[in-house]
Amino acid sequence: MDNHQHNIIIVGSGLVGMTLALMLSKLECRVTILDKNSKKKLLELKDSRTSAISQGSSRILREISIWSKIKKKVQPINDIKVTEGTNKNDLIFKSESLNEGPLGYIVDNTFLKKTFFREVLKSNFVKFIGEVNIKDIKRKSNFATIFSNKGNFRAPLIVGADGRNSKMRFLADIKSFFFDYNQVAFVFNIAHKLSHQSTALERFFPSGPLALLPMQNNNKKSSSVVWTVDSAITDKLSDNKKFNNEFEKKYAQAFGQITKVSKPVKYNLNVISCYEYFKERIVLIGDACQAIHPIAGQGLNLGLRDSYYLARVISESLKLGLDIGSEYVLRDYSSQRKVDKNLLIQATHRLNQLFSNNSVLIKLVRENGLKIFNKSSYLKKKSMMFAMGLMKFDF
């Protein structure tokens, strides 16, 4: 049983929690990660999905020496083409117009998560404890305590990085906004005859967006698919033939004939956004704090920025001898993250509402808006910098 004092406790060993742990370990700050899964399960993990890593996030991963271990297996995104349905009037974002490197990267989730977890296990400053069932938390003036099946864990700061269905959010009584999109995302991979040429496609339909994300394997002839549809029509896609026929209509030979389709995994879509990011020595990061629509592939990147800024605030506070779990320190972190979080939550929410709509008037606004946007190099560059995670929100 563990009843000892810890410096910082992170609940959750997802990519966001592990990023924070590795950033703090670089500062020689001792961290304990608690997770409901066993070490064995995490090392044997299989996840057929991919992750979109922005240019800004790749720079965060360089700081924790992860990028050098994954860069050979990432697929750069050099161009992004956005269309209204299968319309040929593309809104095109080109990385060469910014001189900042690729717009982002696509990487296999299984490989990415295992690489992170092995680094965590190697670190002398990170302690991993698995199969932890958290029962309750109690907070006093100078520390918080987690009560679990593995004993009690006490620290001046506890970080909830335990995902969309965060138990820490519930136990800390941090209120959040919730909105159900009544949409489902089908996530799967396809192989196709033509090269994707490092291009990502985002096609908007009234029933929901379709994203084709380039993958590295199979000579650039594979893509990861995130296909969003209204929940009301999912029954019509219940058998494989109907599913494939409907998908192929929307795919419209984007990269030539499809030669292989993996089994789709279905996710219900909603948005969760906390009204406050911390409460009495508990701070939430990543999906535990904000879980957004996958329309722009930005959820992970937003969480990685949470980790980066929280590590920075903790580092500065430790140098000054401040209490890292105090309201003063956590308010500093919160103020640094507010604009970035709110902008991206609102952007993804409004984009989905704007494009998942059959109204003739809205359709006219969309078409004209895309034309105006495409002609403005200033608007395009600003939106690219935002999507790449290179906008500064330090105030």
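Every value quoted in this text rests on a predicted model; they were computed, and no experiment measured them.

**Student:** Please explain the nonpolar core as it appears in this structure.
**Tutor:** One recurring pattern in soluble globular proteins is that nonpolar side chains are buried together. Of all hydrophobic cores here, the largest spans 47 residues; its most connected members are I10, F116 and V159. The biggest single contributor to this core is helix α1 (residues 15-26), with 8 residues. If near-sequence neighbours (up to four positions away) are discounted, V159 is found in contact with I8, I9, I10, V11, L20, V283, I285 and L310. Within the second largest apolar cluster, 22 residues are counted, among which are V132, F153, A172 and C289.

**Student:** Can you walk me through helix α8 (residues 240-251) in this structure?
**Tutor:** Since there are 3.6 residues in each turn of an α-helix, residues three or four apart along the chain are aligned in direction. Taking 1.5 Å of rise per residue, the 12 residues of α8 would be expected to cover 16 Å, and the 16 Å separating its terminal C-alpha atoms lies within 8% of that figure. Residues of α8 that are buried: F243, F247, K250 and Y251. For α8, the angular spread of buried residues about the axis comes to 100 degrees, placing them on one side. Away from its buried face, by an angle of more than 90 degrees, α8 presents the exposed residues K241 and K249. Lining the buried residues of α8 we find β13 (176-192), β14 (199-204), β15 (210-215), β16 (222-230) and β17 (258-261).

**Student:** Got a minute to help me understand the layout of surface pockets in this structure?
**Tutor:** Here the second largest pocket is characterised by a volume of approximately 360 Å³. Lining of the second largest pocket is provided by 20 residues; of these, E276, F278, K279, E327 and R331 occupy positions nearest its centre. Looking at the lining of the second largest pocket, the elements with two or more residues in it are β19 (278-279) and α10 (327-355). In terms of residue count, the dominant contributor to the lining of the second largest pocket is α10 (7 residues).

**Student:** I would appreciate a short explanation of the packing of α1 against helix α5 (residues 109-122) in the present structure.
**Tutor:** Relative orientation and spacing of two packed helices are given, respectively, by the angle between their axes and the distance between those axes. Closest axis-to-axis distance for the α1/α5 pair is 10 Å, and the angle between their directions is 35 degrees. By crossing handedness, the relation of α1 to α5 is classed as left-handed. Across from L15, M18, T19 and L22 in α1, the residues of α5 making contact are L112, K113, F116, F117, E119 and V120. Looking at the contact of α1 with α5, its residues break down into 7 nonpolar, 1 polar and 2 charged.

**Student:** Please clarify how the sheet that holds strand β10 (residues 144-148) should be interpreted in this entry.
**Tutor:** Pairing between sheet strands relies on hydrogen bonds along the backbone, with the strands arranged either parallel or antiparallel. If you trace the 3 strands from one edge of the open sheet to the other, you get β9-β10-β11, paired in antiparallel fashion. Pairing within the sheet leaves two strands with one partner each, and these edge strands are β9 (134-139) and β11 (151-155). In this sheet, adjacent strand axes meet at a mean angle of 20 degrees when their direction is disregarded. Of the strand pairs in this sheet, β10 and β11 are connected by 5 bridges, and their pairing is antiparallel. Among the inter-strand pairings, T145 is bridged to a residue of β11, identified as R154.

**Student:** So what exactly am I meant to see when it comes to the environment of P264 here?
**Tutor:** Inspection of the secondary structure puts P264 in the loop between β17 and β18 (265-274). We classify P264 as partly exposed; its relative accessible area is 29%. Discounting residues that sit within four places of it in the chain, P264 has contacts with F186, V187, F188 and F243.

**Student:** Where do I start with the sheet that holds strand β2 (residues 31-34) in this structure?
**Tutor:** Sheet architecture is open: 6 strands sit in the order β8-β2-β1-β12-β20-β19, paired in mixed fashion. Since the sheet does not close on itself, it has two edges, and those belong to β8 (126-129) and β19, each with one partner. Where strand β12 (residues 157-160) and strand β20 (residues 282-284) come together, 3 bridges link them in parallel fashion. Paired with V159 across the bridge in β20 is V283.

**Student:** Could you clarify how one ought to interpret the packing of aromatic side chains in this entry?
**Tutor:** Aromatic rings in a pair are described by how distant their centres are and how their planes are angled relative to each other. Considering all chains together, one arrives at 11 aromatic pairs under this definition. Residues W67 and Y105 carry aromatic rings whose centres are separated by 4.8 Å and whose planes lie at 65 degrees to one another, so their mutual orientation is edge-to-face. Of this pair, W67 sits in helix α4 (residues 67-70) while Y105 sits in strand β7 (residues 104-108), and the two are 38 residues apart along the sequence. Note on accessibility: W67 and Y105 belong to one class, buried. Aromatic side chains F179 and Y181 sit 5.3 Å apart centroid to centroid with 75 degrees between the ring planes, which places their arrangement in the edge-to-face category.

**Student:** Teacher, can you tell me more about the state of the cysteines here?
**Tutor:** By definition, a disulfide links two cysteine residues through a covalent bond between their sulfur atoms. Counted by the stated rule, this structure contains 0 disulfides. The thiol of C274 is unpaired, and the distance to the nearest cysteine sulfur, on C289, comes to 4.5 Å.

**Student:** What is the right way to read the pattern of salt bridges from this model?
**Tutor:** Where charged atoms of side chains with opposite charge meet at close range, the side chains can pair. Overall, the coordinates contain 19 salt bridges when judged by the stated rule. Here K69 and E119 are joined by a salt bridge, their closest N and O atoms 4.0 Å apart. Taken as a pair, K69 in helix α4 and E119 in helix α5 lie far apart in primary sequence, 50 residues in all. Exposure remark for K69: the relative accessible area of 37% places this residue in the partly exposed category. Using a relative accessible area of 14% as the deciding quantity, one classes E119 as buried. Here the salt bridges share partners, and the residues they tie into one network are R305, D306, R337, D340 and K341.

Rules used throughout
- Residues numbered from 1 in each chain as written.
- Predicted model: local features only at pLDDT ≥ 70, side-chain atom pairs only at ≥ 80, totals over all residues.
- Heavy atoms only, no water.
- Core = buried A, V, L, I, M, F, W, Y, C linked by side-chain atoms within 4.5 Å.
- Buried < 20%, exposed > 50% of the residue type's maximum accessible area, 1.4 Å probe, protein only.
- Helix = DSSP H or I, 4+ residues; strand = E, 2+ residues; numbered from the N terminus.
- Contact = heavy atoms within 4.5 Å.
- Expected span 1.5 Å × (residues − 1).
- Arc of directions from axis to C-beta.
- 1 Å grid on protein atoms, 1.4 Å probe; cavity = no way out; pocket = protein on both sides within 12 Å on 5 of 7 lines; lining within 4 Å.
- Points joined across faces, edges and corners; volume = space filled by probe spheres on them.
- Axes fitted to C-alpha atoms, helices over the stretch in contact; angles between N-to-C directions.
- Left-handed = near helix turned anticlockwise from the far one by under 90°.
- Nonpolar A, V, L, I, M, F, W, Y, C, P; charged D, E, K, R; others polar.
- Pairing = 2+ DSSP bridges.
- Phe/Tyr/Trp six-rings, centres within 6.5 Å; stacked < 30°, edge-to-face > 60°.
- Disulfide = S-S within 2.5 Å.
- Salt bridge = Lys/Arg side-chain N within 4 Å of Asp/Glu carboxyl O.

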